[in-house]
2 protein chains.
Amino acid sequence: MTAPTRLSWTDVRDEIRLRILNRTFAPGDKLPRDNDLAGEFGCARTTVHRAMQDLSRNGLVERRRKGGTHVRSDPVTRATFDIPITRLEVEQRGSKYGYQLISRATATTPTSVMRRFGIPHPDRMLHVKALHLADDQPYILEDRWIDTDTTPEILNVDLTRDSANEWLVHNKPYSRVEVQFSAINADKETAEHMAVKTGDALLVIERTTWVESNPITTVLSITAPGYHVSARN
Amino acid sequence: MTAPTRLSWTDVRDEIRLRILNRTFAPGDKLPRDNDLAGEFGCARTTVHRAMQDLSRNGLVERRRKGGTHVRSDPVTRATFDIPITRLEVEQRGSKYGYQLISRATATTPTSVMRRFGIPHPDRMLHVKALHLADDQPYILEDRWIDTDTTPEILNVDLTRDSANEWLVHNKPYSRVEVQFSAINADKETAEHMAVKTGDALLVIERTTWVESNPITTVLSITAPGYHVSARN
DNA sequence: AAGTGGTCTAGACCACCTT
DNA sequence: AGGTGGTCTAGACCACTTG
């Protein structure tokens, strides 16, 4: 006889997910209480709780106090991605990393930047444009604004040598980030920087970070043709 | 005198994150053991553990058994996004949803699809092209392959009425998904379907799903101009 | 008002990795 | 081989939300 091995929370999660696939628990259905499932599985409620948390985090199930747990009838595709430091990304591809500062100036934030930060009034910030290269080819063109109230040290950084991307990543952890993906046709100036034809489709990554609701930086990264971002659950 | 309120794991997380911001724990540093931090904070180790899990999940810290916990010296930007059912997305914008089947045929998978699924040999699958509309304007053009071994029921679905997107979401939960973002210039055929000019930049979302390593579907969604995907941590 | 999920504790054992 | 994070248990109390 085989000794009943102790269940892990992933086992419980997989079993519940299986039942959702099975239609034992159909979309919209209310699942048993954590406690009851714990009884059925012969494990502690905490274990069921963790399993449920994972299913909830992945959008398969919805939980509400007192309301119980329901199978989502309109599940969403939920996935997570990483955006590393650009230099490391390039080096990891086995390419030679290069960097060029294009411009650096203090200026008043345009409305687009105010909107991204969610601030109501214009502010003086540091505006930096720079180009990242892979094997001497343009890789990412970044257009960045940095809040000099929250990050005054950036004014003393030699941005002709080190990219703001790298300095910030190493020196200014954030607590909140928003990222947005879109596509643009290269305008004339962009095309020149990126060594592509005017009108070429480029993936754009817009990234804004805060520390406790205080703006740090927002950057518009225009990527080279063929660039893509991968995510998974 | 104020009674010392019990610490929650988010308090612990915030405190540790603050120390990382402070440089009390600098990039690359080894953090104290969970147990020691628990002692310092006067809470259970489990509470510190959860705080650390969260920081680890957000890429700020790295944990290894025996190795301990280290502040990541090369933190990544990590964020999560949702992609809802297209119909709901359109309706949530306050627009009228429309749907048109363009083509439906069983065919042999091209190498691009084999690559996406990670399968070594070609297979017969259902190939569907369809257009989603918002207020009668093209919104998303989807080019989808569905594995009829894992999802034979799809062959009996009237895809002229219901989109494969919706049917699958409601009837075929997945256990694994991969998503990829890129940008393309509209070719002539795409431009016609999307009512844009040939060459216009469009954001492309490629999504592939599996149930326990068995392919379900892979879809290339070509989005209308101005479409964007938002993510956050 | 009561039921359900959310969290905390204290203790134990396990699994993985580095030394 | 030993140290660290990972997980499980059992019990308790809390917080939210719905009936």
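Residues numbered from 1 in each chain as written. Chains lettered and ligands numbered in written order. Predicted model: local features only at pLDDT ≥ 70, side-chain atom pairs only at ≥ 80, totals over all residues. Heavy atoms only, no water.

Participant: So, the overall build of chain A: which residues are in play, and what are the values?
Facilitator: For chain A, the helix and strand inventory stands at 7 helices and 10 strands. Taking 17 Å as the expected radius of gyration for a compact globule of 233 residues, we find that chain A reaches 24 Å, considerably beyond that expectation. The proportion of buried residues among the 233 residues of chain A is 48%. Sequence-distant contacts, at least 24 apart, represent 58% of the contacts inside chain A between residues at least 6 apart. Surface accessibility of chain A: about 11800 Å² in total, with carbon and sulfur atoms responsible for 47%. Of the side-chain charges in chain A, 32 are positive and 31 negative, and the distance between the mean point of each set is 7 Å. (Helix = DSSP H or I, 4+ residues; strand = E, 2+ residues; numbered from the N terminus. Rg over C-alpha atoms; globule rule 2.2 N^0.38 Å. Buried < 20%, exposed > 50% of the residue type's maximum accessible area, 1.4 Å probe, protein only. Contact = heavy atoms within 4.5 Å. Areas by Shrake-Rupley, 256 points an atom, 1.4 Å probe, with all protein chains shown as cover. Lys, Arg positive; Asp, Glu negative; His and termini not counted. Charge placed at Lys NZ, Arg CZ, Asp CG, Glu CD.)

Participant: I'd like a description of the side chain of Thr47 of chain A, backed by residues and values.
Facilitator: Structurally, the position occupied by Thr47 of chain A is in helix H3 (residues 45-57). Residues in contact with Thr47 of chain A, not counting those within four places in the same chain, are Ser8, Trp9 and Val12 of chain A.

Participant: Provide a residue-level description of the relation of the copies chain A and chain B, including the pertinent values.
Facilitator: Superposition record for chain A on chain B: RMSD 0.0 Å, screw rotation 180°, translation along axis 0.0 Å. The transformation just described matches what one would write down for a two-fold rotation axis. Comparing interface residues between copies, 100% of those in chain A also sit at the interface in chain B, which points to an isologous, same-surface contact. (Least-squares fit on C-alpha atoms with pLDDT ≥ 70 in both.)

Participant: How would you sum up the side chain of Asp147 of chain A? Please name residues and give values.
Facilitator: With respect to the secondary-structure elements, Asp147 of chain A resides in the loop between strand E6 (137-146) and helix H6 (164-171). Apart from residues lying up to four places away in sequence, Asp147 of chain A is in contact with Asp123, Met125, Pro215 and Ile216 of chain A.

Participant: An account of the nonpolar core is needed here, citing residue identities and associated values.
Facilitator: Residues Phe81, Val179 and Phe181 of chain A together with Phe81, Val179 and Phe181 of chain B are the most contacted members of the largest nonpolar core, which totals 64 residues. Residues within four places of Val179 of chain A in sequence aside, it is in contact with Phe81, Ile83, Ile205, Glu206 and Arg207 of chain A together with Thr77, Ala79, Val229, Ser230 and Ala231 of chain B. (Core = buried A, V, L, I, M, F, W, Y, C linked by side-chain atoms within 4.5 Å.)

Participant: Just give me the short version of the interface of chain A and chain B, but keep the residues and values in it.
Facilitator: Each side of the interface is counted separately: chain A has 50 residues, and chain B has 50 residues. In total, chain A and chain B occlude about 4400 Å² of area from one another, counting both sides; carbon and sulfur atoms represent 52% of this. Counting the surface chain A buries against chain B, the share from its top three residues, Leu21, Thr77 and Phe181 of chain A, is 13%. Connecting chain A to chain B are 2 salt bridges. (Buried area = accessible area lost by both parts, 1.4 Å probe. Salt bridge = Lys/Arg side-chain N within 4 Å of Asp/Glu carboxyl O.)

Participant: Describe in detail the pattern of salt bridges, supporting the description with residues and values.
Facilitator: This structure, assessed with the given rule, holds 36 salt bridges over all chains. For Asp54 of chain B, the salt bridge identified is with Arg57 of chain B, shortest N-O distance 2.7 Å. Of this pair, Asp54 of chain B and Arg57 of chain B both sit in helix H3 (residues 45-57), 3 residues apart, roughly one helical turn. Asp54 of chain B sits in the buried class, given a relative accessible area of 8%. One continuous salt-bridge network, built from bridges that share partners, spans Arg13, Asp14, Arg17, Asp54 and Arg57 of chain A.

Participant: Describe the protein's contact with DNA strand C, with residues and values.
Facilitator: Looking at DNA strand C, there are 25 residues lining it, with Arg45 and Arg63 of chain A together with Ser8, Trp9 and Thr47 of chain B nearest. One nitrogen or oxygen atom from the side chain of Gln53 of chain A is found 3.1 Å from a phosphate oxygen belonging to DNA strand C. Take Arg50 of chain B: an N or O atom from its side chain is 2.8 Å from a phosphate oxygen of DNA strand C. Of all the elements, H3 of chain B adds the most residues to the surface near DNA strand C, at 4 residues. (Near = heavy atom within 4 Å. Polar contact = N/O pair within 3.5 Å; in protein donor to acceptor, adjacent residues only side chain to side chain.)

Participant: Kindly report on the protein's contact with DNA strand D, identifying the contributing residues and their values.
Facilitator: The full set close to DNA strand D counts 24 residues, and Ser8, Trp9 and Thr47 of chain A together with Arg45 and Arg63 of chain B are the nearest of them. With respect to DNA strand D, the backbone of Trp9 of chain A contributes an N or O atom lying 2.5 Å from a phosphate oxygen. Contacts to DNA strand D include Arg63 of chain B, whose side-chain N or O atom sits 2.3 Å from a phosphate oxygen. Listed by contribution, the elements that provide at least two residues to the surface near DNA strand D are H3 of chain A together with H3, strand E1 (61-64) and strand E2 (68-71) of chain B. Considering every element that reaches the surface near DNA strand D, the biggest residue donor is H3 of chain A, with 4 residues. Residues that form the surface near DNA strand D fall into these classes: 4 nonpolar, 7 polar and 13 charged. (Nonpolar A, V, L, I, M, F, W, Y, C, P; charged D, E, K, R; others polar.)

Participant: So, the domain arrangement of chain A: which residues are in play, and what are the values?
Facilitator: Structurally, chain A comprises domain 1 (9-71) and domain 2 (80-232). Centre-to-centre, using C-alpha coordinates, domain 1 of chain A lies 41 Å away from domain 2 of chain A. (Domains from an automatic or database assignment.)

Participant: Residues and numbers for the packing of aromatic side chains, please.
Facilitator: Going through the model one piece at a time under the given rule, you end up with 8 aromatic pairs over all chains. Ring geometry for Phe117 of chain A and Trp210 of chain A: centres 6.5 Å apart, planes at 80°, overall edge-to-face. One end of the pair, Phe117 of chain A, is in helix H5 (residues 111-117); the other, Trp210 of chain A, is in strand E8 (residues 201-211), and 93 residues separate them in sequence. Residue classification places Trp210 of chain A among the buried positions, given a relative accessible area of 2%. Summarising the aromatic geometry, the rings of Phe81 of chain B and Phe181 of chain B are spaced 5.1 Å apart at their centres and angled 70° between planes, so their arrangement reads as edge-to-face. Separated by 100 residues along the polypeptide, Phe81 of chain B in strand E3 (residues 77-83) and Phe181 of chain B in strand E7 (residues 176-185) bring together distant segments of the chain. Through successive ring pairs, a cluster of aromatic residues spans Phe81 and Phe181 of chain A together with Phe81 and Phe181 of chain B. The ring of Trp210 of chain A has Arg176 of chain A sitting right over it, with the charged end atom 3.8 Å from the ring centre. (Phe/Tyr/Trp six-rings, centres within 6.5 Å; stacked < 30°, edge-to-face > 60°. Lys NZ or Arg CZ within 6 Å of the ring centre and 35° of its normal.)

Participant: Describe helix H2 (residues 34-41) of chain B, naming the residues involved and giving the relevant values.
Facilitator: All names here are of chain B. For H2, the set of buried residues is Asp34, Leu37, Ala38 and Phe41. Axial view of H2: buried residues confined to an arc of 105°, hence all on one face. Where H2 is buried, its residues meet helix H1 (9-22), H3, E1 and E2. (Arc of directions from axis to C-beta.)

Participant: Pulling in residues and values, what's your account of unusual backbone geometry?
Facilitator: Backbone geometry places Arg23 of chain A, a non-glycine residue, at a positive phi of 75°. Among the structural elements, Arg23 of chain A can be located in the loop between helix H1 (9-22) and helix H2 (34-41). By relative accessible area, Arg23 of chain A is classed as partly exposed at 34%. Positive phi is not limited to glycine here, since Asp135 of chain B has a value of about 50°. Tracing the sequence through the fold places Asp135 of chain B in the loop between strand E5 (124-134) and strand E6 (137-146).

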